Amino acid sequence: MRIGIGYDAHKFAENRKLILGGVEVPYEKGLLGVSDADVLLHAIMDALLGAAALGDIGKHFPPSDPKYLGISSIKLLNCVSQLLKENGFEIDNIDSIVIAEKPHISKFILQMRENIAKELSLDIANVSVKATTTEGMGFEGRGEGIAAQAVCLLK
């Protein structure tokens, strides 16, 4: 058994869609990034890659490479899944949390869990997505961006 932890944060930007867990969440701003800036999937991918000692998403999907401009993080998650399989790893479970003052994402969590489970060939019971605020503290609390953390267990 191997444990991995991942973290990601992106600041808000105008004229971008807000994508979390592969779900387009209606909001006045999106997140700034080379890809779709899906902080939740980025944290999950880093947790998975870290548990397998295979580096991080920056190593596998360098932001300087134009082929990743605007790419869906769901596609990147699929690549990570294949990499884990090629290296003999099986995902046991994922626990994750989105940290944002706004928007409220509770009604989108089931769809996020479904997207992640489907892409990783997991039972949805093995994928947890939660949400919290920082009670107005830090960049998330000031509404400057969103962060996410994830922990995973690999076999």
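(A) The arrangement of helix α4 (residues 109-120) in detail. The end-to-end C-alpha separation of α4 is 17 Å, in line with the 16 Å expected for twelve residues at 1.5 Å each. Turning to α4, its buried residues number three or more, namely I109, M112, N115, I116, A117, E119 and L120. Against β2 (19-20), β3 (23-24), α1 (39-51), α3 (73-86), β5 (91-99) and β6 (127-132) lie the buried residues of α4. Within two residues after α4, S121 carries a phi angle of roughly 55°, on the positive side.

(B) Seen up close, the sheet that holds strand β4 (residues 30-31). Spatial ordering of the open sheet is given by β4-β1-β7-β5-β6, a layout of five strands whose pairing is mixed. For this open sheet the edge positions go to β4 and β6, each flanked by a neighbour on one side alone. As paired elements, β5 and strand β7 (residues 145-154) share eight bridges and run antiparallel to each other. Counterpart to N93 in the pairing with β7 is L153.

(C) Summary view of the layout of surface pockets. Approximately 220 Å³ is the volume attributed to the largest pocket. Around the largest pocket, the lining is made up of 13 residues, and of these V34, S35, H42, F61 and P63 lie nearest the centre. Going through the elements one at a time, β1 (2-13) and α2 (57-60) are the ones with two or more residues in the lining of the largest pocket. The class makeup of the residues in the lining of the largest pocket is seven nonpolar, five polar and one charged.

(D) Molecular detail of the packing of aromatic side chains. The final tally for this structure, using the stated rule, is two aromatic pairs. Here F12 and Y27 contribute two aromatic rings whose centre-to-centre distance is 5.4 Å and whose plane-to-plane angle is 40°, an arrangement assigned as tilted. With F12 in strand β1 and Y27 in the loop between β3 and β4, this residue pair connects regions lying 15 residues apart in the sequence. On the numbers, 5.5 Å between centres and 80° between planes, the contact of F61 with Y68 is edge-to-face. For the pair F61 and Y68, a shared accessibility class is recorded, and that class is buried.

(E) View of the side chain of T134. With respect to the secondary-structure elements, T134 resides in the loop between β6 and α5 (138-141). For T134, a relative accessible area of 15% puts it in the buried group. In this view, T134 contacts I99, E101, E140 and G141; residues no more than four positions away in its chain are not counted.

Calculation notes
Residues numbered from 1 in each chain as written. Predicted model: local features only at pLDDT ≥ 70, side-chain atom pairs only at ≥ 80, totals over all residues. Heavy atoms only, no water. Helix = DSSP H or I, 4+ residues; strand = E, 2+ residues; numbered from the N terminus. Expected span 1.5 Å × (residues − 1). Buried < 20%, exposed > 50% of the residue type's maximum accessible area, 1.4 Å probe, protein only. Contact = heavy atoms within 4.5 Å. Pairing = 2+ DSSP bridges. 1 Å grid on protein atoms, 1.4 Å probe; cavity = no way out; pocket = protein on both sides within 12 Å on 5 of 7 lines; lining within 4 Å. Points joined across faces, edges and corners; volume = space filled by probe spheres on them. Nonpolar A, V, L, I, M, F, W, Y, C, P; charged D, E, K, R; others polar. Phe/Tyr/Trp six-rings, centres within 6.5 Å; stacked < 30°, edge-to-face > 60°.

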